[in-house]
Amino acid sequence: MIHTPDLFMPSLPIFLAFLGAALAMNLTPGLDTMFVIGQTMEGGVRAGVRGALGIATGSACHTVLAAVGISALVAASPVLLSVLTYAGAAYLVWIGVAMVRRPSAATLPVETGSSDAFRRGVLTNLLNVKVILFYLTFLPQFLRPSDGPEWQQVVFYGMTFNVLGTTLLLAVALISNKLVGALGSSDKPAIVASRVCGTALIALAIGLALTR
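Residues numbered from 1 in each chain as written. Predicted model: local features only at pLDDT ≥ 70, side-chain atom pairs only at ≥ 80, totals over all residues. Heavy atoms only, no water.

*Asks:* Quick one: what's the story with the overall build of the protein chain, residue by residue and with numbers?
*Replies:* When its secondary structure is counted, the protein chain shows nine helices and zero strands. Seen in sequence order, the protein chain has helices and strands lined up from the N terminus as α-α-α-α-α-α-α-α-α. Here the protein chain holds 212 residues, and the buried ones make up 41% of them. Nonlocal contacts in the protein chain, meaning residues at least 24 apart in sequence, comprise 87% of its contacts between residues at least 6 apart. For the protein chain, the computed accessible surface area is about 11,000 Å², with 72% contributed by carbon and sulfur atoms. (Helix = DSSP H or I, 4+ residues; strand = E, 2+ residues; numbered from the N terminus. Buried < 20%, exposed > 50% of the residue type's maximum accessible area, 1.4 Å probe, protein only. Contact = heavy atoms within 4.5 Å. Areas by Shrake-Rupley, 256 points an atom, 1.4 Å probe, with all protein chains shown as cover.)

If you want it as C-alpha cells, here you go:
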C-alpha cells in the first residue's frame, strides 16, 4: 500500500478569519508603505514597484525561515535580535537621510532610484526584527495540528499574507505615481513628499532601535 504524505488542507472558517486579519494589518500604513511611497517619489513608478517586489522577496525569505525554525532560534537570542535591530535601524536611517537630501529630479540620472529600489526593499524587510517577531506571533494563531504539517501551514499563510501585502504595495506605488503626475511638471511636490517619507523612515528607525 502506497503511503500518501500528509498535506495541509486549510479550514475555510480559519482561512477566512486569517484573510480578514491579514487584510486589516496590511491596510494599516507602516514602514513598508512609507518606503514604497518614498521610492516612487524618488525614482518613479518603476522604483516603487521594484521596492514593493523587494519587500515581497524579503517577506518570502522570512516565511521560509519561520517554516524551518530559524526565526525562532533568532528570536530566542537577545544578542542576535539586538544586532539585527540596530543594523536594520541604521539601514533605515541611511535610506531616510538619502531621501531627505534628495536633489532636484533634473540632476538625477535616469533609473538611479529604480535600480537600487529592489535591493533596498529586500534589505529593509530582512533586517526588520518586527517582521521576524510578527511571523512568530501572528501566524501560530491560525495553525491547527489537525489540518496538516505545521511547516506547510506556515508557508501557506505566510505566502498568502505576502501576496496580499504585495498587491497593496503595488497599488500604493501606482497611486503615488498618479498623484505626482497630477501635481504637474514641477518636481518640487515629489521632492517634498520624498523628504517627508525620508523623515518618517528615520523616525521609525529611531523607534525601532529604542524598543530594544
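*Asks:* Which residues make up the nonpolar core, and what values do they have?
*Replies:* Of all hydrophobic cores here, the largest spans 20 residues; its most connected members are Val-36, Leu-92, Ile-95 and Leu-201. Residue assignment for this core shows that the elements contributing at least two residues are α2 (31-43), α3 (45-68), α5 (78-100), α8 (150-182) and α9 (188-210). If sequence neighbours within four positions are ignored, Val-36 has contacts with Gly-48, Ala-52, Ile-55, Leu-169, Val-172 and Ala-173. Grouped together as the second largest cluster of nonpolar side chains are 16 residues, Tyr-135, Phe-138, Val-154 and Phe-161 included. (Core = buried A, V, L, I, M, F, W, Y, C linked by side-chain atoms within 4.5 Å.)

*Asks:* Account for a nonpolar patch on the surface, naming residues and giving values.
*Replies:* There is a patch of nonpolar side chains on the surface, built from Val-64, Leu-65, Val-68 and Ile-70 and spanning about 310 Å² of accessible area. Considering each element in turn, the nonpolar patch owes the most residues, three residues, to α3. The topology assignment puts Ile-70 in helix α4 (residues 70-75). (Patch = residues over 30% accessible without salt bridge, like charges linked within 9 Å, V, L, I, M, F, W, Y side chains within 5 Å. Salt bridge = Lys/Arg side-chain N within 4 Å of Asp/Glu carboxyl O.)

*Asks:* Describe in detail the packing of helix α1 (residues 12-27) against α8, supporting the description with residues and values.
*Replies:* At a minimum axis separation of 10 Å, α1 and α8 run at an interaxial angle of 40 degrees. When the axis of α1 is compared with that of α8, the two are oblique. As for the relative orientation of α1 and α8, their crossing is right-handed in sense. Counted together, Ile-14, Phe-15, Phe-18, Leu-19, Ala-22, Leu-23, Met-25, Asn-26 and Leu-27 of α1 and Phe-156, Tyr-157, Thr-160, Phe-161, Leu-164, Gly-165 and Leu-168 of α8 form the full contact between these two elements. (Axes fitted to C-alpha atoms, helices over the stretch in contact; angles between N-to-C directions. Parallel < 35°, antiparallel > 145°, perpendicular 65-115°, else oblique. Left-handed = near helix turned anticlockwise from the far one by under 90°.)

*Asks:* Kindly report on the environment of Ser-146, identifying the contributing residues and their values.
*Replies:* Looking at where Ser-146 falls in the secondary structure, it is placed in the loop between α7 (129-137) and α8. Distance in space between the C-alpha atoms of Ser-146 and Met-9 is 9.3 Å, their sequence separation being 137 residues.

*Asks:* Outline the environment of Ala-98, listing residues and values.
*Replies:* Tracing the backbone through its elements, the reader meets Ala-98 in helix α5. Among the residues examined, Ala-98 registers a relative accessible area of 33% and is labelled partly exposed. Taking the C-alpha atoms as reference, Ala-98 lies 9.9 Å from Glu-42; in sequence the two are 56 residues apart.

*Asks:* A description of α3 should follow, citing residues and the corresponding values.
*Replies:* The first and last C-alpha atoms of α3 sit 35 Å apart over 24 residues, in line with the 34 Å expected at 1.5 Å per residue. After α3 finishes, the residue Gly-69 shows a positive phi value of roughly 95 degrees. (Expected span 1.5 Å × (residues − 1).)

*Asks:* Which residues make up the environment of Gly-43, and what values go with them?
*Replies:* In this structure, Gly-43 sits in helix α2. Residue classification places Gly-43 among the partly exposed positions, given a relative accessible area of 26%. The sequence separation of Gly-43 and Ala-117 amounts to 74 residues, and the corresponding C-alpha distance is 8.4 Å.

*Asks:* Describe the packing of α2 against α3, naming the residues involved and giving the relevant values.
*Replies:* The N-to-C vectors of α2 and α3 enclose an angle of 150 degrees; their axes lie 6 Å apart at closest approach. One finds that α2 runs roughly antiparallel with respect to α3. Crossing geometry of α2 relative to α3 is assigned as right-handed. Contacts from Asp-32, Phe-35, Val-36, Gln-39, Thr-40 and Gly-43 in α2 reach Val-45, Ala-47, Gly-48, Gly-51, Ala-52 and Ile-55 in α3. In terms of residue class, the contact of α2 with α3 is made up of six nonpolar, five polar and one charged. (Nonpolar A, V, L, I, M, F, W, Y, C, P; charged D, E, K, R; others polar.)

In short, geometric facts, not functional conclusions.
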